[in-house]
Amino acid sequence: MIRILVMVAAVSVVAVPAVEGQNLVPNPGFDTDTLGTDWVNYSADSMQWLGTDGNVSGSGNGCVEFGTTSNNGGVVNVGTSLVAVTENTEYLVSGVARVPSDSVGSWSVLWITWFDDQQYSIGSSQDFYGVGDDQWNAVQGTVTSFSGAAFASVRVGVITADSGTGLAFVRWDDVSLVSAATPEVFSDGFEGGTTDAWSP
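Quantities reported herein were computed from a predicted structural model and do not represent experimental measurements. (Residues numbered from 1 in each chain as written. Predicted model: local features only at pLDDT ≥ 70, side-chain atom pairs only at ≥ 80, totals over all residues. Heavy atoms only, no water.)

A separate point is the nonpolar core. Membership of the largest hydrophobic core comes to 31 residues, with the highest contact counts inside it found for W172 and L177. When residues of this core are traced back to their parent elements, those giving at least two are β4 (63–68), β5 (75–80), β7 (90–98), β8 (108–115), β11 (137–144), β12 (151–159) and β13 (168–179). (Core = buried A, V, L, I, M, F, W, Y, C linked by side-chain atoms within 4.5 Å. Buried < 20%, exposed > 50% of the residue type's maximum accessible area, 1.4 Å probe, protein only. Helix = DSSP H or I, 4+ residues; strand = E, 2+ residues; numbered from the N terminus.)

Structure (C-alpha cells):
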C-alpha cells in the first residue's frame, strides 16, 4: 500500500493562536513603517524604520534600527505587540540582524517574553545570539511556550558596550514566530484510478 504525505496549508485566521505554518509576527519584514503599533520600543533611546536596508535575502526593503548610548553591557531591545499563542507548544523563532561597523554594540540577541490571558508577563525564553558583524546574519531557535501562556512578544536586541557613550545600535529584519508542529494527513492509497505510472 502506498502512503502519501500531504502537507496541509495553514489558513490565517485573526485571533486564532498558533496556526501551523503561520508567521505570528506582525509586519515581519518591516515592509511598511508600523513602529509604535506592531513594534514597540521597550528600552532603546531611539527606534526608526529604514525603507532601504540592503538585506537582499529577505522580503521587502525595510528594517528596524534602534540603539542606545547607555552602555552598561546590558541589552537594548524592541519587540512585537502581543500575539496570541498556545501554552505548552513548541515554536520556531528567527530573524536576521546586522550590527553595523560604527555601532559599539557586540552581539545581536533574540528571545520571547510570554504573557498570561490577562496580559501579565510570566517569564521569558532562553536567549539566541547572532554574530555581531556588519552583515546580515540569521538568528534562530526553538522555544516551548510556558504553561498558562496566552500571548507572546518577540524581542530583538543588541548587547551594548560595557561603558562609554558611543551608540550601540542594530538592525533587524524578517522576524518570524511559527508553530513547530507540521500537520500531516495520510492516505492509505489511491481510491479509484490507477497507480501504474506511480513510482515511490
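Here the protein chain shows a mean pLDDT of 82. Residues at 70 or above account for 78%. For residues 1–18, every residue scores under 50 in pLDDT, and the model assigns this stretch 40 contacts once sequence neighbours within four places are set aside. In this model residues 183–200 is a low-confidence stretch, pLDDT under 50, and it forms 25 contacts with partners more than four residues away in sequence or in other chains. (pLDDT = per-residue confidence, 0-100. Contact = heavy atoms within 4.5 Å.)

By the definition in use, this model includes three aromatic pairs. Between F30 and W39, the aromatic rings sit 4.7 Å apart at their centres with planes inclined by 40°, giving tilted as the arrangement. Pair check on accessibility: F30 and W39 agree, each one buried. Relative to F146, the ring of W114 has its centre 6.2 Å away and its plane inclined at 40°; by these criteria the two rings are tilted. Placement of W114 in strand β8 and of F146 in the loop between β11 and β12 is noted, with a sequence separation of 32 residues between them. Grouped by ring-pair contacts, the aromatic residues Y91, W114 and F146 constitute a single cluster. Sitting over the face of the ring of Y42, R155 holds its NZ or CZ atom 3.5 Å from the ring centroid. (Phe/Tyr/Trp six-rings, centres within 6.5 Å; stacked < 30°, edge-to-face > 60°. Lys NZ or Arg CZ within 6 Å of the ring centre and 35° of its normal.)

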